[in-house]
Amino acid sequence: MSTPRPTALVTGASRGIGRAIALRLAPSHDIVAVARSTSELDALTKDVAATGGTCRPIPLDVTDGAAVAERLRGVDVDVLVNNAGVGVLKPFLELTADEWRTMVDVNLNALYHVTRAVLPGMLSRGRGDVVNIGSIAGRSAFVGGSCYAATKWAVMAFTESLMLEVRDAGVRVSVVMPGSVATHFGAGDPKNWNLRPEDVAESVAHVVAAPPEVLIHRLEVRALSPKRQRGT
Ligand code: NJP
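Residues numbered from 1 in each chain as written. Predicted model: local features only at pLDDT ≥ 70, side-chain atom pairs only at ≥ 80, totals over all residues. Heavy atoms only, no water.

Chemist: Go over the packing of helix H4 (residues 97-125) against helix H5 (residues 146-166), please, and point to the residues and values.
Modeler: Running from N to C, H4 and H5 point in directions that differ by 15°, and their axes come no closer than 9 Å. On the basis of the axis angle, H4 is roughly parallel to H5. Helix-helix and strand crossings are classified by hand; for H4 and H5 the assignment is right-handed. Facing Trp100, Met103, Val104, Asn107, Leu108, Leu111, Thr115, Leu119 and Leu123 of H4, the residues of H5 in contact are Ser146, Cys147, Tyr148, Thr151, Ala154, Val155, Phe158, Leu162 and Val166. Here the contact of H4 with H5 is composed, by residue class, of 14 nonpolar, four polar and no charged. (Axes fitted to C-alpha atoms, helices over the stretch in contact; angles between N-to-C directions. Helix = DSSP H or I, 4+ residues; strand = E, 2+ residues; numbered from the N terminus. Parallel < 35°, antiparallel > 145°, perpendicular 65-115°, else oblique. Left-handed = near helix turned anticlockwise from the far one by under 90°. Contact = heavy atoms within 4.5 Å. Nonpolar A, V, L, I, M, F, W, Y, C, P; charged D, E, K, R; others polar.)

Dropping the structure here:
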């Protein structure tokens, strides 16, 4: 009898880094893909199936706590990747209250909703991985990042506190902190030197594949040099 494959739930899987993480983990995990865009989740599901994997799309707004609890009830998750995030990067006085609230809701409050839904199962099984996608903005502030950087600092603190809380129960909690990645995130066009979403996905796969007794708690991933064209 074959052993069932572990399940990886990825939020923000419809595009960008989350999509790349889902595709990277699909050869070794059954994927549960969460985001709001149904058509993009369907496209991911087809792409995963084309490589012989399985992907269950769950269209969901991760800021809706009641909907998250309802839709994730009974879903056993071995690996949770809290990746969904938004960035409105502009001077503080130009940020609207709605933009501020959305960033706090998606980048921080949703971590409560989604983690709260799947962590009890991990604790009862005595194993699991929670990988939060932070940012180097969670360590270095920048102009235009008053709210975004604040949410990513909060992700760092949440990650470390939860790690200390659940490590003895066998659950590993980690943060992967990328530099700039070529996605549709925030404003501005991707630069040639940016990290690719696949680079971040590789780091997440590395964290999850660590030997069972090893915890890679914090991983900062940068492009080698903004002064060099990639591949030169
Ligand atoms: O962003 P993007 P990235 N409910 O805009 C989803 C961090 N990061 O891949 O709902 C559910 O391409 C949205 O799905 P949809 C960043 O902070 C990035 O670059 O369909 N899902 C989409 O799948 C974030 O934590 C850079 O619109 C919601 C995804 O989030 C993570 O990387 C640098 C949602 C966003 O895809 C992924 O960002 C860095 C909601 N309410 C850290 N709202 C970078 N790109 O440079 C959004 O250091 N989503």
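Chemist: Please provide a residue-by-residue account of the sheet that holds strand E5 (residues 128-133), values included.
Modeler: With parallel pairing, the seven strands of this open sheet are ordered in space as E3-E2-E1-E4-E5-E6-E7. Each having just a single partner strand, strand E3 (55-59) and strand E7 (218-221) make up the two edges of the open sheet. Ignoring strand direction, the axes of neighbouring strands in this sheet form an average angle of 15°. By the bridge criterion, four bridges tie strand E6 (residues 171-178) to E7 in an arrangement that is parallel. Within E7, the position partnered with Val176 by the bridge is Leu219. Across the sheet, H5 lies against E5, E6 and E7, angled at about 160° from E6, the strand it touches most. (Pairing = 2+ DSSP bridges.)

Chemist: Could you give an account of the site of the ligand, naming the residues involved and the relevant values?
Modeler: The full set close to the ligand counts 31 residues, and Arg36, Ser37, Ser135, Pro178 and Thr183 are the nearest of them. One nitrogen or oxygen atom from the side chain of Ser37 is found 2.4 Å from an oxygen atom belonging to the ligand. Between the ligand and Thr183, the relevant distance is 2.6 Å, taken from an oxygen atom to a side-chain nitrogen or oxygen of the residue. Here the ligand has 900 Å² of accessible area as a free molecule, and 95% of this is covered by the chains. At the level of secondary structure, the elements contributing two or more residues to the shell around the ligand comprise helix H1 (16-25) and H5. Broken down by class, the residue content of the shell around the ligand amounts to 14 nonpolar, 13 polar and four charged. (Near = heavy atom within 4 Å. Polar contact = N/O pair within 3.5 Å; in protein donor to acceptor, adjacent residues only side chain to side chain. Areas by Shrake-Rupley, 256 points an atom, 1.4 Å probe, with all protein chains shown as cover.)

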